[in-house]
Amino acid sequence: MTNEVWWRLGCFFSVLIIMMLLEWQKPARTSPIIKAKRWTANFGLVFASSVLARLTIPVGLTAVALYNTENTIGLFNQAFYIDTNIPGWLTIVLSLLILDIVIYWQHRMFHVVPVLWRLHRVHHADAHVDTSTGLRFHPIEIVLSILIKLLVVTALGVPAIAVLIFEIALNGLALFNHANIRLPQAIEKPLRLLLMTQILHRIHHSQVVKETNSNYGFSVIWWDKLFGSYRSEAIKSDTELDIGLVQYPQEKQNASILGLLAMPFKK
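This structure is a prediction, so every number in the text was calculated from the model and none was measured. (Residues numbered from 1 in each chain as written. Predicted model: local features only at pLDDT ≥ 70, side-chain atom pairs only at ≥ 80, totals over all residues. Heavy atoms only, no water.)

Novice: In this structure, what is going on with the overall build of the chain? I would like to understand it.
Specialist: Counting its regular elements, the chain contains 14 helices and zero strands. For a compact globule of 267 residues, the expected C-alpha radius of gyration is about 18 Å, and the chain comes in at 19 Å, within 12% of that figure. Seen through its principal axes, the chain has C-alpha atoms that stretch 55 × 45 × 35 Å. Within the chain, the fraction of its 267 residues that count as buried is 46%. Counting contacts in the chain only where the partners sit at least 6 residues apart, residues at least 24 apart contribute 74% of the total. Entry remark: accessible area of the chain is about 13800 Å², with carbon and sulfur atoms responsible for 69%. (Helix = DSSP H or I, 4+ residues; strand = E, 2+ residues; numbered from the N terminus. Rg over C-alpha atoms; globule rule 2.2 N^0.38 Å. Buried < 20%, exposed > 50% of the residue type's maximum accessible area, 1.4 Å probe, protein only. Contact = heavy atoms within 4.5 Å. Areas by Shrake-Rupley, 256 points an atom, 1.4 Å probe, with all protein chains shown as cover.)

Okay, structure coming up:
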């Protein structure tokens, strides 16, 4: 775990660069807002979120997981302490599945609870979806998400390696399914049987409310199918789909770092 930061940064920037190169080579849709302005605002939020997260929660998830293991804190650590015959791989698999479903319900909660939706609409107000949108979250939402994961990691006693795998997957797949690309049908059709593809996730960013409230998963489609939120097609085709929120059509609101930071606090 001493190389955790390098693993995370290496995977993150690798996926980011690959997706942005694919977008540049063959974009699926044309942005209604100048790319430079959108990217300045979206990547600016990443910086603001990183600063706020570091100031409010200075300890990392993997560090907490290691502390929990060393002090036998959490369900899995207690079970392993009682019965050392429990295979480590089983704990990792269960941890990944539980963390995944927690993020699914966290996402749904941010759509349903009005005060949380005020924060999350910063993500959905983007009039275009590309790799940078996968990073466009209000700093307060990022902090709340970290706190939720901290609670789950501590309550379950999630192993540090599972936390690292999950965090890498969470960031990488968020960049992947927000990418402004359109996979060939021969790849997209079988892939959507397991993963949330770009076309499926763009439905989640539709201006139609019932479409926005679907396809919450960031990785697999299992939870959406299990809990009745899966939608395979939108009313409009992927090329004609209206992206964003009707309430925020102006470039000033969607391409300004200050406007995005203030968005949750305005009617």
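Here the narrative resumes, following the displayed structure.
Novice: Just checking my understanding: could you explain the packing of aromatic side chains for this structure?
Specialist: Aromatic ring pairs are defined here through the distance separating the ring centres and the angle between the ring planes. Counted by the stated rule, this structure contains eight aromatic pairs. Residues Tyr 104 and Phe 227 carry aromatic rings whose centres are separated by 5.7 Å and whose planes lie at 25° to one another, so their mutual orientation is stacked. Taken together, the residues span a long stretch of sequence, with Tyr 104 in helix H5 (residues 88-112) and Phe 227 in the loop between helix H12 (222-226) and helix H13 (251-254) at a distance of 123 residues. Its relative accessible area of 1% is what places Tyr 104 among the buried residues. With 5.0 Å between their ring centres and 65° between their planes, Trp 105 and Phe 227 make a pair best called edge-to-face. Taken together, the residues Trp 105 in helix H5 and Phe 227 in the loop between H12 and H13 connect sequence positions 122 residues apart. The class of Trp 105 is partly exposed, set by a relative accessible area of 39%. Judged by relative accessible area, Phe 227 falls into the partly exposed class, the value being 31%. Ring-pair connections join several aromatic residues into one group, and the members of that group are Tyr 104, Trp 105, Tyr 216 and Phe 227. When the ring centre of Tyr 230 is taken as origin, the NZ or CZ atom of Lys 225, which lies over that ring, is 5.0 Å away. (Phe/Tyr/Trp six-rings, centres within 6.5 Å; stacked < 30°, edge-to-face > 60°. Lys NZ or Arg CZ within 6 Å of the ring centre and 35° of its normal.)

Novice: Whenever I open this one, the layout of surface pockets confuses me. Can you help?
Specialist: The rolling of a water-molecule-sized probe over the atoms marks out the regions of remaining empty space. In this model, the largest pocket occupies a volume close to 1500 Å³. Residue lining of the largest pocket: 44 residues in total, with Arg 8, Ile 142, Lys 149, Glu 167 and Asn 171 positioned closest to the centre. Breaking the lining of the largest pocket down by element, the ones donating at least two residues are helix H1 (4-25), helix H2 (35-56), helix H3 (61-70), H5, helix H6 (114-124), helix H7 (139-156) and helix H8 (160-178). When its residues are assigned to classes, the lining of the largest pocket shows 23 nonpolar, 15 polar and six charged. By volume, the second largest pocket amounts to about 270 Å³. Looking at the second largest pocket, it is lined by 15 residues, and the ones nearest its centre are Arg 192, Ile 199, Ser 232, Glu 233 and Asp 238. Considering every element that reaches the lining of the second largest pocket, the biggest residue donor is helix H9 (residues 185-191), with three residues. (1 Å grid on protein atoms, 1.4 Å probe; cavity = no way out; pocket = protein on both sides within 12 Å on 5 of 7 lines; lining within 4 Å. Points joined across faces, edges and corners; volume = space filled by probe spheres on them. Nonpolar A, V, L, I, M, F, W, Y, C, P; charged D, E, K, R; others polar.)

By themselves, these figures tell us nothing about what the structure is for.
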